[in-house]
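Residues per chain, in single letters:
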There are 2 protein chains.
Amino acid sequence: MVHIINNESEEMMISNMLDGVAATYNTLLQRIPKTYIMLKKTFSTHQVGLVSGGGSGHEPAHFGFVGEGMLTASVHGVLFEPPQVSDIVQAIKLSDQGLGVLLIVKNFAADVARFSKAQQIASQEGHHVSMVIVHDDCSLESNTFTKRRRGVAGTVFVHKVLGAAAKSGLSLAELTDLGERVISEIYTLGVAVRSGYLWHEEEPMFPLRKDEVSFGIGIHGEPGYRYEPYISSEYLANELVNKLEYQFDDVTESPFAILINGLGSTTPMEQFLMTHDILKLLSLKGIDVQYCNVGSFMTSTNMSGISLTLFQLKDKQWLKYLNESTTAFAW
Amino acid sequence: MVHIINNESEEMMISNMLDGVAATYNTLLQRIPKTYIMLKKTFSTHQVGLVSGGGSGHEPAHFGFVGEGMLTASVHGVLFEPPQVSDIVQAIKLSDQGLGVLLIVKNFAADVARFSKAQQIASQEGHHVSMVIVHDDCSLESNTFTKRRRGVAGTVFVHKVLGAAAKSGLSLAELTDLGERVISEIYTLGVAVRSGYLWHEEEPMFPLRKDEVSFGIGIHGEPGYRYEPYISSEYLANELVNKLEYQFDDVTESPFAILINGLGSTTPMEQFLMTHDILKLLSLKGIDVQYCNVGSFMTSTNMSGISLTLFQLKDKQWLKYLNESTTAFAW
């Protein structure tokens, strides 16, 4: 199966991709030479810096969320590997305007370790650095039934809310507290209808029969908790919504924001068909959706499928933050 | 191979998709009940109306280009079939604020016939309606070497330029003339690395070996003019740029805008890697690129591949039109 790749090396491919992004959005973003850092080009407000990142293979995450009202910088690793500590440290320094920097990290052990190390180094050099860890995935281990709590597409809601809040002038301590409150109200569940392929590899990331789907997949090729024959878009919507609603104490207490995320090779038609089915189901359940965004935000190379994120808006201000404008190109 | 579809009927699936779009962008767009028309929700300027459309399977075309500074309305057909004449007529009526309506049509016989019929009916009812036909595809018939001149991704540049021009107050006659001048400077060529599948069908739209690519494909599953083994992203860029540059008399005379378009299931990483390679090659050739947009704009269900559009900016005003802001969500 052909994918469009560069045959020199994985490092060169990622480097070229980042240069392609920087050239396309040259008034918005810059790539810091000899690093995998993408930095906002101009700082129009004096605010706390926001830095996020992770392995490659999840595009447009995270460079697509760098911009006024979202991230100050994104830091990238090679495929499915966290960024280098030295790159994270440099991104912190470049993003710190004297008010400190907040790191937004997805809950994978290797990512948390690298970002923690960078936080420690930058702190020793006099920067005020906090970290919040996103763990929105509510999939289960199929054997042990323990919650996986990985950080997945809900991370993008955290970027948006904290980005708007940082722009409005919140302090580092206030943003850290807000981040923790927001993260506890965000849950995501994904379904793959076709497995992805890693570059140069002939075998799919996980086995999936051609008539089969897998619920609860991860964004690094981790298989899901259940395999079933494909039935219909409504059936997928039903499984996702039913599992997600039980994560919340009372789904009718406060309104929701939802994010419908294509996992890489999912077409706009598939995304909007799922949007229709999910919104219809949420409406039947009396769940009040006040914000909806649809697109490919947090992908897993060329896997095809959808993740649904529910975010209960316990504070009216959170909806305002979601609705603020941003220059980030992938929001 | 599983795709996310609705199993009731093709009509229901498209209807549900349009409702999903309207619900997501409910401050921007509305679906006209019992039609496949997507109409801008508010008219903040008094201007000539712009209507475009075509078959489904090309999402986000064309509903993603409805908004302030682009289209007034889009009209949709079922999969790869042009819209109904009655829907086009109604879209014209809804878009006409008294200054007339311009139809932007892709050059396929069935589309041109339906839009022409609608133009005739609306004109008889007293509307001033003009039409421009986009024929940017410079692929050749593999047997006869005749130019195909289909309307493909370059259509989106026409939407953007005419949309900004209409907003700035140009008359219907001026817009029609501008459209014809712009269209004559736009050329597109596409390459598929994986064939697409139609809903419910097990066979791909055209045969493509798993190590093979096809240059010059169409957006309705038309195979290309040449099949070759996949080599690298640079090689694809080379073939596209070399074929496209010969469409223009003098590529150094005026600067260019380029559109790098994912054909459906092409990931952002693939799109930005191609962007890097294409920009590098254009730079080596001394071609001055002053505008670049990258994304999935005009797709062919779940085909994977890239089309490149070159647009020579013979008039400085055209670049200004491209850079004007728009509320259309897919630009």
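Here we come to the relation of the copies chain A and chain B. Overlay of chain A on chain B (RMSD 0.0 Å): rotation 180 degrees, translation along the axis 0.0 Å. When the rotation and shift are considered jointly, the pair of chain copies conforms to a two-fold rotation axis. Relative to the rotation axis, the closest C-alpha in chain A is found at Ser265(A), a distance of 2.0 Å. Here 100% of the interface residues in chain A have copies in chain B that are interface residues too; the copies meet face to matching face.

This paragraph deals with the pattern of salt bridges. Counting across every chain of the model gives 25 salt bridges over all chains. Residue Arg209(A) is joined to Asp211(A) by a salt bridge in which the shortest nitrogen-to-oxygen separation is 3.5 Å. A salt bridge links Asp177(B) to Arg181(B); the shortest N-O distance between them is 3.2 Å. Taken as a pair, Asp177(B) and Arg181(B) lie in helix α5 (residues 172-183) at a separation of four residues, close to a single helical turn. Because the salt bridges share partners, they merge into one network encompassing Arg226(A), Glu228(A), Glu239(A) and Lys243(A).

With that settled, the discussion passes to the pairing of strand β7 (residues 186-194) of chain A. Residue and element names in this part refer to chain A. Judged by how many residues are buried, β7 sits mostly within the fold: nine of nine residues are covered. Here two bridges tie β7 to strand β8 (residues 212-215), and the two strands are oriented antiparallel to one another. From the neighbouring strand, Ala192 faces β8, where its bridge partner is Ser214.

With their axes 7 Å apart at the nearest point, helix α7 (residues 268-284) of chain A and helix α1 (residues 10-24) of chain B run at an angle of 75 degrees to one another. What the angle tells us is that α7(A) and α1(B) run roughly perpendicular. Residues Met269(A), Phe272(A), Leu273(A), Thr275(A), His276(A), Asp277(A) and Leu279(A) of α7(A) lie in contact with α1(B), whose contacting residues are Met13(B), Ile14(B), Asn16(B), Met17(B), Asp19(B), Gly20(B), Val21(B), Ala23(B) and Thr24(B). Grouping the constituent residues of the contact of α7(A) with α1(B) by class yields nine nonpolar, five polar and two charged.

Quick look at the sheet that holds strand β4 (residues 73-79) of chain B now. Residue and element names in this part refer to chain B. Within the open sheet, the six strands sit side by side as β1-β2-β4-β3-β5-β6. Their pairing is mixed. Looking at which strands have only one partner, the edges of the open sheet turn out to be β1 (29-31) and β6 (129-134). Averaged over neighbouring strand pairs, the angle between their axes works out to 20 degrees when direction is ignored. Across three bridges, the pairing between β1 and strand β2 (residues 37-40) is antiparallel. Residue pairing for β2: Arg31 is matched across the bridge by Met38. This element, α5, spans β3 (49-56), β5 (101-106) and β6 of the sheet and lies at about 5 degrees to β6.

Conventions and cut-offs
- Along every chain, residues carry numbers that run from 1 in the direction the sequence is written.
- In the order they appear in the text, chains get letters beginning with A and ligands get numbers beginning with 1.
- Totals for whole chains, interfaces and linings use every residue, but because this is a predicted model, local features are given only for residues with pLDDT of at least 70 and side-chain atom pairs only at 80 or more, for both listing and counting.
- Heavy atoms from the whole structure form the basis of all side-chain values; hydrogens and water molecules are not counted.
- What sets the superposition is a least-squares fit of C-alpha atoms, and only residues with pLDDT of at least 70 in both copies go into it.
- What makes two residues a contact is simply this: any of their non-hydrogen atoms within 4.5 Å.
- By definition here, a salt bridge exists when the distance from a side-chain nitrogen of Lys or Arg to a carboxyl oxygen of Asp or Glu is within 4 Å.
- Here a helix means four or more residues in a row that DSSP labels H or I, a strand means two or more in a row labelled E, and each is numbered from the N terminus.
- Each residue is placed in one exposure class: buried if its accessible area under a 1.4 Å probe, protein chains only, is under 20% of its type's maximum, exposed if it is over 50%, and partly exposed if it falls in between.
- Strands pair, by our definition, only if DSSP identifies at least two bridges between them.
- Axes here refer to lines fitted to C-alpha atoms; in helices the fit is confined to the stretch in contact. Angles between the N-to-C directions go from 0 to 180 degrees.
- These descriptions rest on fixed angle ranges, namely under 35 degrees for roughly parallel, over 145 for roughly antiparallel, 65 to 115 for roughly perpendicular, and the rest for oblique.
- Each residue is assigned to one class: nonpolar for Ala, Val, Leu, Ile, Met, Phe, Trp, Tyr, Cys and Pro, charged for Asp, Glu, Lys and Arg, and polar for all the others, Gly among them.

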